[in-house]
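Fold and contact review
Listed below, chain by chain, are the residues.
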Amino acid sequence: MRANALTKSYDGRTVVDHVSFEIPKGKVISFIGPNGAGKSTVMGILSRLIARDSGGVEFAGKDVSRWKSGELAKRLAILTQSNNIQMKLTVWELVSFGRFPYSGSRLTERDAQAARQAIEYMELTDLADSYIDELSGGQRQRAYIAMVIAQDTEYVLLDEPTNNLDIYHASRMMRTIRRLCDELGKTVILVLHEINYAAFYSDFICAFADGKIAAFGSVKEVMNRETLSALYGVDFEMIDVNGKPLSLYY
Amino acid sequence: MEHKEAGIIKERAFTLILAGGLLLLSVFSLFVGVIDLRGGSVVAGGLGRLDILLISRLPRLLAILCAGVGMSVAGLLTQQLCMNKFVSPTTGATLASAQFGILLALLFMPRSTIWGRAAFAFAAALAGTWAFVWFIQRIKFKDTVMTPLVGMMFGNVVGGVTSFLAYRFSMTQALSSWLAGHFALVLRGRYEIVYLVFPLIIVAFAFANHFNIVGMGRDFSQNLGVNYNLVLFGGLTIAAAITASVVVVVGSIPYIGLIVPNIVSMFKGDRIRGSLLDTAMFGAIFVLGCDLIGRVVVAPYEMPVELIIGILGSALFVAMLIRRLNRGRKHITLGRDMPPRAMGGMRS
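Residues numbered from 1 in each chain as written. Chains lettered and ligands numbered in written order. Predicted model: local features only at pLDDT ≥ 70, side-chain atom pairs only at ≥ 80, totals over all residues.

Secondary structure summary: chain A contains ten helices and twelve strands in total. Its C-alpha radius of gyration of 18 Å places chain A within 12% of the 18 Å reference for a compact globule of 250 residues. When the backbone C-alpha atoms are referred to their principal axes, chain A occupies close to 55 × 40 × 30 Å. For chain A, the residues scored as buried account for 44% of the 250 residues in total. Across chain A, the fraction of contacts at a sequence separation of at least 24, relative to all contacts at a separation of at least 6, is 65%. (Helix = DSSP H or I, 4+ residues; strand = E, 2+ residues; numbered from the N terminus. Rg over C-alpha atoms; globule rule 2.2 N^0.38 Å. Buried ≥ 20, exposed ≤ 12 C-beta atoms within 10 Å, placed from the backbone. Contact = placed C-beta atoms within 7 Å.)

Here it is as structure tokens:
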């Protein structure tokens, strides 16, 4: 997946300004940066949720906008923060919707199998018949991830998956994301606010500032005092934990 | 899945109870009226009695069933597509717009057949619904209760224009039959409603999952490769067409589209595939029950069904509101980790 000179502006204000990068396959890539830096917008453009003004997103040899929506849905999944559904659906029903791109309204035995496995993978088997609006925030987030797993795509895009989660559930979510990559071989792109989660759990970090890429590289390349201080305008101190560069700020 | 079985049996039981109740009420409805058709009198009275059954009672029953099924399914679709449990043909200006369409038909094509009027009603209902949806998508209300309030105001404005034009052109009398729904005039040959409503219900069922997915939002739909605008437009078109069909044949039947889907969703959840049949049957039972009440309380006369539905419906609507508010408050006091915007009380 490659982005070429993506540009997007709202009401004359440029939020994404000629952004180009290439996403390495089979890795976890975190988008970080201050509010309004354009991370979520770029992610929206990558997943065709947001129309770009100019530039291109090449996905598997074809521009994203030229893919049939249903076909793209089998290869690329996105979860946004607006996935906060006030609907009385069971976990099973939600997860089986992940099979929609494959068989439409008719669930085949294979689809049911995939949905079951996804629920098992996210340890939700006991909750399969519970309504999602009765679950805790962490459980609900896991149900959405199960749906994405059932969707069986090579690429998974997550917009702030740890939003609204406490430390226990957030770190659990990050471990799950790591497993999506390591065990299921998916390429995961996520927007994160907690830079230490990004440092600890991802392979690459793409830092955005003012609609441009401020830094893009391996965790070690991006997570250093100078880059982060310049990015957020706050003093940082770096410490080394288990070979990962973590940051302190206050 | 094994653990699903208990749930399935419970859900089946709900469906079976509805089906049984519907059958019972339908048979009962055939034998309530000025002319006694009870017991052996159909046989004894010979062909004359049988004619009454075929000419008057049966078409009436079919019209009632279709009106109940149609309005509740139209309500279910509108609620899902607009992502708001308080939106329905009544609270979304669809009903009022359909009536406006009939007035236009009466004004411009006084000799129009029922099909001509249906076309006018459909066009107006569609325009009204679409304008309303466009409006609520533009203005994102913080409180879900605002949306139906705006819809009711919009509906009343349309209704006001209808009344004014009807008064101005001395059409009030002619129009009144479409303003208050009743089944007294449905006789043999008036099967249009059946032809109109049933194909639309089948289409709604075929695309049930599409509507569900669109009901979960634009991003969610696009992720699964569903064309949001197309399905939203298609679903609202079906809902408007059903509403227009019912209004043209029997007049306005309020509240059904608001209340029935909400009650059924408490038992069956929000997956349309799983709840459409129950919603349809429950809607039919509701209208049938109200029609029976209307025919029995002042027999040998009868009261328009709209009146009975209005009384029962508004009471249930208030109960529904209170229940939602209480549940919403419980969430705040229990401090469950619901995000702030879920606190308004709109759940399930």
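Let us now look at unusual backbone geometry. Backbone geometry at Asn 242 of chain A places phi at a positive 50 degrees, although glycine is not the residue there. Position of Asn 242 of chain A relative to the elements: it lies in the loop between strand S11 (237-241) and strand S12 (244-248). Overall, the presence of 6 C-beta atoms within 10 Å leaves Asn 242 of chain A in the exposed class. Despite not being glycine, Tyr 255 of chain B shows a phi value in the positive range, around 70 degrees. Here Tyr 255 of chain B lies in the loop between helix H11 (228-250) and helix H12 (256-268).

Residues and elements named next belong to chain A. Ordered by their spatial adjacency, six strands build an open sheet running S6-S7-S8-S3-S9-S10, and the pairing between neighbours is mixed. The sheet is open, and its two edges are formed by strand S6 (76-79) and strand S10 (212-218), each paired on a single side. Averaged over neighbouring strand pairs, the angle between their axes works out to 15 degrees when direction is ignored. The pairing of strand S3 (residues 28-32) with strand S9 (residues 204-209) spans four bridges and is parallel. Pairing of Ile 29 across the sheet is with Phe 204, part of S9. (Pairing = 2+ DSSP bridges. Axes fitted to C-alpha atoms, helices over the stretch in contact; angles between N-to-C directions.)

So, on to the packing of helix H4 (residues 94-108) of chain B against helix H6 (residues 146-168) of chain B. All names here are of chain B. It is at 8 Å that the axes of H4 and H6 come closest, and there the two elements cross at 20 degrees. The angle between H4 and H6 falls in the class roughly parallel. When you trace H4 past H6, the crossing you get is left-handed. Contacts between H4 and H6 involve Leu 95, Ala 96, Ser 97, Gln 99, Phe 100 and Leu 103 from the first element and Gly 155, Val 158, Gly 159, Val 161, Thr 162, Leu 165 and Ala 166 from the second. Considered class by class, the residues forming the contact of H4 with H6 number eight nonpolar, five polar and no charged. (Parallel < 35°, antiparallel > 145°, perpendicular 65-115°, else oblique. Left-handed = near helix turned anticlockwise from the far one by under 90°. Nonpolar A, V, L, I, M, F, W, Y, C, P; charged D, E, K, R; others polar.)

Right, let's get into the environment of Asn 156 of chain B. By the element assignment, Asn 156 of chain B lies in helix H6. Each C-alpha atom of the pair Asn 156 of chain B and Ala 93 of chain B lies 7.9 Å from the other, and the pair is 63 residues apart in sequence.

A few words on the packing of helix H5 (residues 109-121) of chain A against helix H6 (residues 137-151) of chain A. Helix-helix packing is described using two parameters, namely the angle between the two axes and the distance between the axes. All names here are of chain A. For the pair H5 and H6, the least separation of the axes is 8 Å and the interaxial angle reads 140 degrees. Put simply, H5 runs oblique to H6. H6 is crossed by H5, and the crossing has right-handed handedness. Listed contacts from H6 to Ala 114, Ala 115, Ala 118, Ile 119 and Tyr 121 of H5 are Ala 146, Ile 149 and Ala 150. Its residues assigned to classes, the contact of H5 with H6 shows eight nonpolar, no polar and no charged.

This part covers the sheet that holds strand S4 (residues 54-59) of chain A. Residue and element names in this part refer to chain A. Across the sheet, which stays open at both edges, the four strands sit in the order S2-S1-S4-S5 with antiparallel pairing between neighbours. A strand with exactly one partner marks an edge of an open sheet, and here the two such strands are strand S2 (13-22) and strand S5 (62-63). Sheet analysis places S4 next to S5, joined by two bridges and oriented antiparallel. Paired with Glu 58 across the bridge in S5 is Asp 63. Its contacts with the sheet place helix H1 (residues 39-46) against strand S1 (2-10), S2 and S4, and it is angled at close to 120 degrees to S1.

It is worth spelling out the nonpolar core at this point. One finds Val 95 and Ala 146 of chain A together with Ala 121 of chain B to be the most contacted residues of the largest nonpolar core, which totals 170 residues. Other than its neighbours up to four places away in sequence, Ala 121 of chain B contacts Ala 98, Gly 101, Ile 102, Ala 244, Val 247 and Val 248 of chain B. (Core = buried A, V, L, I, M, F, W, Y, C linked by C-beta atoms within 7 Å.)

A few words on the confidence of the model for chain B. Residues and elements named next belong to chain B. Summary statistics for chain B give a mean pLDDT of 81 and a share of 83% for residues scoring 70 or more. In the model of chain B, helix H2 (residues 41-44) stands out as the element of lowest mean pLDDT, 53, in contrast to helix H9 (residues 208-214), which has the highest, 93. The low-confidence segment residues 329-348, where pLDDT is below 50, has 30 contacts with residues more than four positions distant or belonging to other chains. Predicted complex, confidence summary: ipTM 0.89, pTM 0.86. (pLDDT = per-residue confidence, 0-100.)

All names here are of chain B. Assignment of secondary structure puts Leu 77 in helix H3 (residues 47-81). Considered as a pair, Leu 77 and Phe 220 are 143 residues apart in the sequence and their alpha carbons are 18 Å apart. In contact with Leu 77, not counting residues within four places along its chain, are Ala 204, Phe 211, Gly 235, Ile 238 and Ala 239.

Let us now look at the pairing of S10 of chain A. The side chains of a regular strand alternate between the sheet's two faces. All names here are of chain A. In this structure, S9 lies alongside S10, joined through six bridges in antiparallel fashion. For Cys 206, the partnering residue across the bridge sits in S10 and is Phe 216. The hairpin turn running from S9 into S10, its antiparallel successor, is two residues long, and Asp 210 in that turn takes a positive phi close to 50 degrees.

Further remarks concern helix H8 (residues 192-206) of chain B. Residues and elements named next belong to chain B. Across its 15 residues, H8 extends 22 Å between first and last C-alpha, which sits within 8% of the 21 Å expected from 1.5 Å per residue. Turning to H8, its buried residues number three or more, namely Ile 193, Leu 196, Val 197, Leu 200 and Ala 204. Buried residues along H8 cover an arc of 80 degrees about the axis, so they all sit on one side. Turned more than 90 degrees away from the buried face of H8 sit Tyr 195, Pro 199, Ile 202 and Ala 206, all of them exposed. (Expected span 1.5 Å × (residues − 1). Arc of directions from axis to C-beta.)

Take the pairing of S4 of chain A next. All names here are of chain A. Looking at chain direction, S1 and S4 are connected through four bridges and run antiparallel. Each bridged residue has a counterpart across the sheet, and for Asn 4 the counterpart in S4 is Gly 56. What sits between the antiparallel neighbours S4 and S5 is a turn of two residues, in which Ala 60 has the positive phi angle 50 degrees.

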